[in-house]
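# Observations on chain architecture
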Amino acid sequence: MEARVESELLTIGAFAKASRLSPKALRLYDELGLLAPAHVDPVNGYRWYAPEQLERARLVAWLRRLGMPLARIRHVCALEAGPAAREVRAFWARVETETATRRDLATFLVDHLQRKDPAMSTNTSTVAEPLGIRYAALSDRGLVRESNQDAVHAGPRLLAVADGYGAGGAPASTAALGALKRLETDGVPAAGLLGVLEDAVEQAERAVRAAVGNGASTAGEGVVAGTTLTAMLWTGSQLALVHIGDSRVYLLRDGGLFQITHDHTMVQSMVDEGRLSPEEASSHPERSLLVKALGPGADHSPDMRLHDARPGDRYLLCSDGLSAVVATAEIRRVLTQAEGPEQAVRDLVALANAVGGPDNVSCVVADVFGPERASA
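Residues numbered from 1 in each chain as written. Predicted model: local features only at pLDDT ≥ 70, side-chain atom pairs only at ≥ 80, totals over all residues. Heavy atoms only, no water.

### Focus on the sheet that holds strand β1 (residues 10–11)
Paired through backbone hydrogen bonds, the strands of a sheet run either parallel or antiparallel to each other. Spatially, three strands are ordered β1-β3-β2 in an open sheet, and the strand pairing comes out antiparallel. Edge positions in the sheet fall to β1 and β2 (39–40), since each of these pairs with one other strand and no more. Bridge count for β2 against strand β3 (residues 47–49) is two bridges, and the pairing is antiparallel. Pairing of Val40 across the sheet is with Arg47, part of β3. (Pairing = 2+ DSSP bridges. Helix = DSSP H or I, 4+ residues; strand = E, 2+ residues; numbered from the N terminus.)

Right, dumping it as structure tokens:
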């Protein structure tokens, strides 16, 4: 072995230089079982590495630069090239999704802080006239479920949908919206909007926990009671969005329909990671399994976004009783053709029931109009 060490193996310094990993990192990766040296001197403990280990060392270095956790790097390094490539693709897809979420929050904060800047509001002649909204809400049991566990609210300031699940789903959704309804009457200063929204979610979470007790599971199903929550708070020119779960918000603008929420479901996470295609996700047996919700044991951290409204915008908030069974093209058709919010919610609920109504279906539709139409 001594002859091989001298003629074939690399010292830790030479290997560190060739792999672009520091000696300190090499010692750490040895301790973690990621990159064991080819030989350790039994007397002085000095590490020696084989040239053929360079490829693995460089892979570890590249994966670390991606920000991949060490435990996942160990898993990737144990795979063949094809599966390893798929793991890297899935990891990066998740990073991009998380980055997009942080980007939305950064945009929210930048806009929020700019509106607090006195320099931004000295010229009052440039302040836009406040807009208005017309709205309607409708919730239906559907054609299969024995009861309706959805709850909806539509008012001059608050639009919301909650989709309960488990044995206490109906009390959970009702409690969540009940906690938010104070936003209809409480003053919400623009400078404190972010804090108001966070407080509202925490109050809704506490209300849901109180409504479902200790979170006992549905008999025989192991389903803990809870609810989704998707709400928009109207500020006069903007809609502040709070979203937890798989209810959705769509925006119809200039003839195009845009989904502006991201489903918090297991299958959507698998789509984000590249493990499932959107087509496979639509028929996956666990497509309704939530990764975020309000209820015992659930992650209730919300997505929050701020939308500048325009006259002519039409917003739809709906439970998955609509979005899971009705094609997006059909939703767009109804939203485009309906005369007003009341007709839109009736037509959308009817559309879900026309294809079997397998779930409770709830819709809130709000139209944004300019000051010239306020008295129309």
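That covers the picture; the talk isn't over yet.
### Description of empty space enclosed by the protein
Scanning the entire structure with this criterion turns up one cavity of 30 Å³ or more. In this structure, the largest cavity occupies an estimated 50 Å³ of space. Forming the boundary of the largest cavity are Leu158, Leu180, Leu183, Leu197, Ala200, Val201, Ala231, Met232, Leu233, Ala240 and Val242. Among the secondary structure elements, those contributing two or more residues to the lining of the largest cavity are α8 (193–212), β8 (229–234) and β9 (238–244). Tallied by class, residues from the lining of the largest cavity come to eleven nonpolar, no polar and no charged. (1 Å grid on protein atoms, 1.4 Å probe; cavity = no way out; pocket = protein on both sides within 12 Å on 5 of 7 lines; lining within 4 Å. Points joined across faces, edges and corners; volume = space filled by probe spheres on them. Nonpolar A, V, L, I, M, F, W, Y, C, P; charged D, E, K, R; others polar.)

### Focus on the sheet that holds strand β13 (residues 314–318)
Taken in spatial order, the five strands of this open sheet run β4-β14-β13-β10-β11, and their pairing is antiparallel. Where the open sheet ends on each side, the last strands, each with one partner, are β4 (132–140) and β11 (256–259). On average, each strand axis in the sheet is inclined to that of its neighbour by 15°, with strand direction left out of account. Sheet analysis places β13 next to strand β14 (residues 361–369), joined by five bridges and oriented antiparallel. Bridged to Leu317 within β14 is Val364. (Axes fitted to C-alpha atoms, helices over the stretch in contact; angles between N-to-C directions.)

Coordinates in, geometry out; function isn't part of it.
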